[in-house]
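Now for the letters of each chain:
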Amino acid sequence: LFFMQNLIHTPALPVISQQSEKYVIFDLSASNRPLEALLKNTPERFESYIFDSIKEGDASYGIGLYGENRIIYRSSIYTAEAEERSIHLGIDLWVEAGTPIFAPIAGTVHSFKDNANPGDYGPTIILEHLIAEQQWFTLYGHLSRKSLIGLKVGQPVQEGQEIGRLGTYKENVFWPPHLHFQIIKDLEGKHGDYPGVCKPSEQDYYFKNCPDPNLLLKIPGL
């Protein structure tokens with residue numbers, strides 16, 4: 001609770017410049033039957049669906065919700081076990097490839113990695129932060145490969161500093177361009193990677209370890 005209260009009161013800058021502009025919210029849950037049919041029959045049209053919807057909504061970007069039980073995870077990295085990992089632990093900001101990504105608060109580079117498995121994050125950066133002397137992390141997934149060039153562990157990052165740009169469909173292993181933004185209290189020894197979705201049976205644990213990213217993003221009306 002102390003950590004959550006500190007997040008609420010922590011001033012933060014936008015991670016994308018469009019953040020204060022109009023957005024559309026995507027329903028990627030099982031209740032979206034047309035999307036489920038689209039993914040089963042013509043999954044390559046998912047990118048068109050995302051960006052056509054943003055245009056039709058006269059919006060600047062789209063949002064994928066935290067805590068949503070999704071139907072879009074078809075890769076074996078999510079479905080290899082008896083219980084699928086389907087609960088989304090971050091917020092997705094759907095916007096064009098090449099969009100600059102900024103650090104909302106100051107920190108240091110904890111780790112980075114190109115998670116190149118199909119359906120994974122692709123190029124990923126994790127920043128380390130301190131609030132009231134408590135260590136915690138932010139994760140930025142689906143970046144461009146150029147975003148990882150020249151990075152060093154421990155490198156300081158200033159509030160509002162550009163840390164990378166969004167990757168293309170192929171760079172972020174066949175996801176339409178978007179930023180997966182996630183808050184993590186305990187990385188559990190991982191480097192450059194942390195689960196962005198979990199099993200429904202494990203959601204209580206992961207919701208505590210990965211609280212709602214909008215506590216930091218502070219997107220109006222979300």
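Note: the structure precedes this text.
Residues numbered from 1 in each chain as written. Predicted model: local features only at pLDDT ≥ 70, side-chain atom pairs only at ≥ 80, totals over all residues. Heavy atoms only, no water.

Engineer: Can you walk me through unusual backbone geometry in this structure?
Structural biologist: Despite not being glycine, glutamate 133 shows a phi value in the positive range, around 70 degrees. Within the element layout of this structure, glutamate 133 appears in the loop between β7 (122–131) and β8 (134–141). A positive phi is found at phenylalanine 174, a non-glycine position, where the angle reads about 75 degrees. In this fold, phenylalanine 174 is placed in the loop between β10 (162–165) and β11 (178–184). Judged by relative accessible area, phenylalanine 174 falls into the partly exposed class, the value being 47%. (Helix = DSSP H or I, 4+ residues; strand = E, 2+ residues; numbered from the N terminus. Buried < 20%, exposed > 50% of the residue type's maximum accessible area, 1.4 Å probe, protein only.)

Engineer: Would you mind showing me how to read the packing of aromatic side chains here?
Structural biologist: Each aromatic ring pair is specified by the distance between its two centres and by the angle formed by the two planes. The tally for this structure, following the rule as stated, stands at eleven aromatic pairs. Taking 5.5 Å as the distance between ring centres and 50 degrees as the angle between the ring planes, the aromatic pair formed by tyrosine 66 and phenylalanine 207 counts as tilted. One end of the pair, tyrosine 66, is in the loop between β2 (61–64) and α4 (76–79); the other, phenylalanine 207, is in helix α5 (residues 203–209), and 141 residues separate them in sequence. What makes tyrosine 66 partly exposed here is its relative accessible area of 21%. A relative accessible area of 25% means that phenylalanine 207 is categorised as partly exposed. Taken together, a centroid distance of 5.6 Å and an interplanar angle of 65 degrees make the contact between tyrosine 169 and phenylalanine 174 edge-to-face. What links up through ring pairs into an aromatic cluster is the set Phe26, Phe46, Tyr49 and Trp94. (Phe/Tyr/Trp six-rings, centres within 6.5 Å; stacked < 30°, edge-to-face > 60°.)

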